[in-house]
Amino acid sequence: MDLSLRLLQALAAVAEDGSMTRAARRLNLTQQAVSGQIRQLERVVGTALVVRLATGIELTAAGLVVLKQGEALLQSAEAMVSEARMVGAGRSEPLRITFKAQSTAHFMPAVEAALRKQAPDLEVQPIASHTLPDEIDALLEGRADAAFLWLPIGDDPRFIIHPLVAEERWVALPPGHPLSERTTLTIADLADVPVVGPRDGMPEAVVRFWFIDPRPDGTRAVFGPQARTPEECLHLVAAGHGCWIAPASTVTYFAHPRLVWLPLVDAPPNQLALMWAVHNPNPYLPLLLQETSRVLLPITPPTA
């Protein structure tokens with residue numbers, strides 16, 4: 001079977017651009033050369049991989065299978081070359097991980113220790129981030145190899161996403177709030193309570209999830225003041241501007257003298273994930289996933 005990586009690269013470019021012409025520009029080839037590569041790949045596979053429509057080119061069901069598996073092969077090939085170069089140069093490629101401290105403090109040290117045990121020469125470079133856009137930018141700009149972040153992030157085919165663990169959602173309230181004497185909360189309890197947090201520049205699906213908007217009964221959430229970082233959210237809550245809905249790990253990380261934390265018992269949980277760019281060549285990414293999955297456990301805050 002004559003399956004060249006350049007054929008898979010051509011299919012990936014066509015899938016992303018929806019056009020032979022645009023894919024050719026991306027690959028610095030002629031349109032005829034890209035069309036020829038797609039036909040050659042279809043001969044190797046034995047079935048049609050693309051269909052030409054009035055709106056552009058789309059992948060067939062078989063094409064989607066080849067694209068998914070082909071991207072994995074391209075990533076593996078890049079990792080092989082990168083690792084071989086590092087070994088040949090007598091050095092190990094660092095693993096740069098971007099993260100939010102409040103989400104990872106309970107497991108990141110154990111992950112790093114496990115990585116050092118498996119790969120003693122590996123240098124782990126932690127990169128603290130405050131927001132989802134910060135983490136995504138670090139991956140896309142090549143400043144980080146992997147990120148620990150909360151789902152959802154929106155539909156983005158540029159990334160490989162591995163869900164890790166689910167955490168209950170908790171609500172921060174100021175002392176003296178009418179709900180602060182409760183032991184648990186439901187979504188209905190927050191009907192008239194403004195919710196603080198970031199919205200501008202965030203994907204719509206992300207905002208809907210974090211603010212639980214709309215609510216299960218169809219009503220809209222009440223949006224409070226915007227805040228970019230967890231520290232800003234905590235300040236707004238403590239100052240009486242509303243509540244903040246956050247993962248359970250946040251509760252154990254932030255000790256605040258003017259906050260009451262209560263579990264939100266009927267909300268969908270937060271899902272922590274490990275993510276990296278599709279074509280990131282770092283050879284240690286599979287090891288990072290393996291060791292994180294082995295040591296990571298859900299966190300349970302103390303009851304209020």
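All values reported here derive from a predicted model rather than from experimental measurement. (Residues numbered from 1 in each chain as written. Predicted model: local features only at pLDDT ≥ 70, side-chain atom pairs only at ≥ 80, totals over all residues. Heavy atoms only, no water.)

How should I be thinking about the nonpolar core in this particular structure?
Proteins that are soluble and globular tend to have nonpolar side chains buried together. Ranked by size, the top nonpolar core spans 56 residues in total, and within it L190, L264 and L288 carry the most contacts. Non-local contacts of L190, meaning those with residues more than four positions away in its chain, are made with V171, L179, L185, R215, C243, I245 and L264. Residues A13, V14, M20 and L59 belong to the second largest nonpolar core, which totals 20 residues. (Core = buried A, V, L, I, M, F, W, Y, C linked by side-chain atoms within 4.5 Å. Buried < 20%, exposed > 50% of the residue type's maximum accessible area, 1.4 Å probe, protein only. Contact = heavy atoms within 4.5 Å.)

What exactly am I supposed to notice about the packing of helix α1 (residues 5-17) against helix α3 (residues 31-45) here?
Packed helices, taken two at a time, are described by the angle between their axes plus the distance between the axes. It is the contact of α1 with α3, at a shortest axis distance of 9 Å, that shows an interaxial angle of 115°. As far as their axial angle goes, α3 and α1 are roughly perpendicular. In terms of crossing hand, the pair formed by α1 and α3 is left-handed. From α1, R6, L7, L8, A10, L11 and V14 reach across to α3, where they touch V34, Q37, I38, Q40 and L41. Broken down by class, the residue content of the contact of α1 with α3 amounts to eight nonpolar, two polar and one charged. (Axes fitted to C-alpha atoms, helices over the stretch in contact; angles between N-to-C directions. Helix = DSSP H or I, 4+ residues; strand = E, 2+ residues; numbered from the N terminus. Parallel < 35°, antiparallel > 145°, perpendicular 65-115°, else oblique. Left-handed = near helix turned anticlockwise from the far one by under 90°. Nonpolar A, V, L, I, M, F, W, Y, C, P; charged D, E, K, R; others polar.)

Looking at this model, I keep getting lost on the side chain of T104. Mind explaining?
Mapped onto the elements, T104 comes out in helix α5 (residues 101-104). There is a polar contact of 3.2 Å between the side chain of T104 and the backbone oxygen of K100. If we skip the residues at most four places from it in the chain, T104 touches F99, P109 and F148. (Polar contact = N/O pair within 3.5 Å; in protein donor to acceptor, adjacent residues only side chain to side chain.)

I would appreciate a short explanation of unusual backbone geometry in the present structure.
Trans peptide bonds make up most of the peptide bonds, and negative phi angles are found at most residues other than glycine. Look at the link from L151 to P152: it is a cis peptide, with omega at 5°. Within the element layout of this structure, P152 appears in the loop between β5 (146-151) and β6 (159-167). Omega for the bond connecting D213 with P214 falls within 30 degrees of zero, at 0°, which places this linkage in the cis form. Within the fold, P214 resides in the loop between α8 (204-211) and α9 (230-238). The residue N28 is not glycine, and still its phi comes out positive at about 60°. Topologically, N28 is positioned in the loop between α2 (20-27) and α3. Exposure remark for N28: the relative accessible area of 70% places this residue in the exposed category. For I212, which is not a glycine, the phi torsion comes out positive at approximately 50°. Summarising the element assignment, I212 is placed in the loop between α8 and α9. The exposure class of I212 is buried, given its relative accessible area of 7%.

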